[in-house]
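# Descriptive analysis of the structure
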Amino acid sequence: MKSTIILADYVGRLGNRLYLFIHVLAVAMEHGFHVCNLTLQPHAGWFENLSRNSWCRYPAPAKGYPMHRWVRADRAGVEWLAHLQMEGKGNGWMGVRTVALKPGEHVAMESPGFLEICRNHQWVIPWGWFYRADSYLGQHQDAIAQFLRLNPGLDPDLEAILERERRECDWQIALHIRQGDFRTWQNGRFYIPPNVFARHAWKIHDAHPQKRIQFWVCSDEPVDLTQFPPGTQTSIS
């Protein structure tokens, strides 16, 4: 039976979970592992291959079925088992192995040590966020994008606008401006205010006058779009 990597730790928001997921998918595609991402269950309906795939599995099953409330209890069970194993109780029992990161620790999933754990256990639960497989991402990026394609029809009005802009523009550039907790997390070390994004958008705009460029701003708080090049839009209504 193929080894299955189970993601059940709610690390950050959706962006963080997707970023971890693509690295795990890259490892799975490279070495033939399976993946079960229980942290994406609340958002499964947004993705074509996850919407009828209750355990958010890769590879997606040939015949799926809708999400049920009771399925979400699986994540709580995996969390309980992971914490039990992190306390040193039965790690590896029944083919289940939890790999937990300490603060500041990083795991390269291409490493022989991690791959050996996956090959020697039926289920592996990585706990934490800093699991990476950078060397595999480039090789499998197209397959990962195909697997994580969005469900058509999520927002028909927005999709119509995007399709029009694809026809009329040379480039579409999306700017993800995270505010909120980034202002205070680690004393704002990673916080970039909207005016900095706007300044760089103008640099791109002015450096390529021959290109028709459409900027999109997505943020967890309202952003003053007048700072940005003309025609900048937001996906937030």
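Calculation rules
- Residues numbered from 1 in each chain as written.
- Predicted model: local features only at pLDDT ≥ 70, side-chain atom pairs only at ≥ 80, totals over all residues.
- Heavy atoms only, no water.
- Helix = DSSP H or I, 4+ residues; strand = E, 2+ residues; numbered from the N terminus.
- Expected span 1.5 Å × (residues − 1).
- Bend = angle between axes of the 7 residues up to and from the residue.
- Buried < 20%, exposed > 50% of the residue type's maximum accessible area, 1.4 Å probe, protein only.
- Contact = heavy atoms within 4.5 Å.
- Pairing = 2+ DSSP bridges.
- Axes fitted to C-alpha atoms, helices over the stretch in contact; angles between N-to-C directions.
- Core = buried A, V, L, I, M, F, W, Y, C linked by side-chain atoms within 4.5 Å.

## Things to note about helix 4 (residues 134-147)
Its 14 residues place the ends of helix 4 18 Å apart at the C-alpha level, agreeing with the 20 Å of an ideal helix rising 1.5 Å per residue. If you look at helix 4, its biggest bend is around 70 degrees, right at histidine 140. Within the span of helix 4, buried status applies to Tyr136, Leu137, His140, Ile144 and Phe147. Elements in contact with the buried residues of helix 4: helix 1 (14-31), strand 3 (57-58) and helix 3 (112-120).

## Digging into the sheet that holds strand 10 (residues 233-234)
Reading across from one edge, 8-9-10 is the order of the 3 strands in this open sheet, with parallel pairing throughout. Of all strands in the sheet, those bounded by a partner on one side alone are strand 8 (171-177) and strand 10. Both strand 9 (residues 213-219) and strand 10 contribute to a ladder of 2 bridges, which runs parallel. In the sheet register, tryptophan 216 faces strand 10, and the bridge partner there is glutamine 233. Packing of helix 6 (residues 194-207) onto the sheet brings it into contact with strand 8 and strand 9, and relative to strand 8 it is tilted by some 165 degrees.

## Some thoughts on the nonpolar core
Phe21, Leu25, Met109 and Tyr131 are the most contacted members of the largest nonpolar core, which has 35 residues in total. Looking at this core, the elements with two or more residues in it are strand 1 (4-7), helix 1, helix 3 and helix 4. No other element matches helix 1, which puts 8 residues into this core. With sequence-adjacent residues up to four places away left out, phenylalanine 21 is seen in contact with Leu7, Val35, Asn37, Leu40, Phe147 and Leu148. Judged by nonpolar contacts, the second largest core, of 11 residues, contains Leu175, Ala198, Ile213 and Val217.

## Focus on the pairing of strand 9
Here strand 9 lies mainly inside the structure; 6 of its 7 residues are buried. In terms of strand pairing, strand 8 meets strand 9 through 7 bridges, oriented parallel. The residue of strand 9 that forms the bridge with glutamine 172 is glutamine 214.

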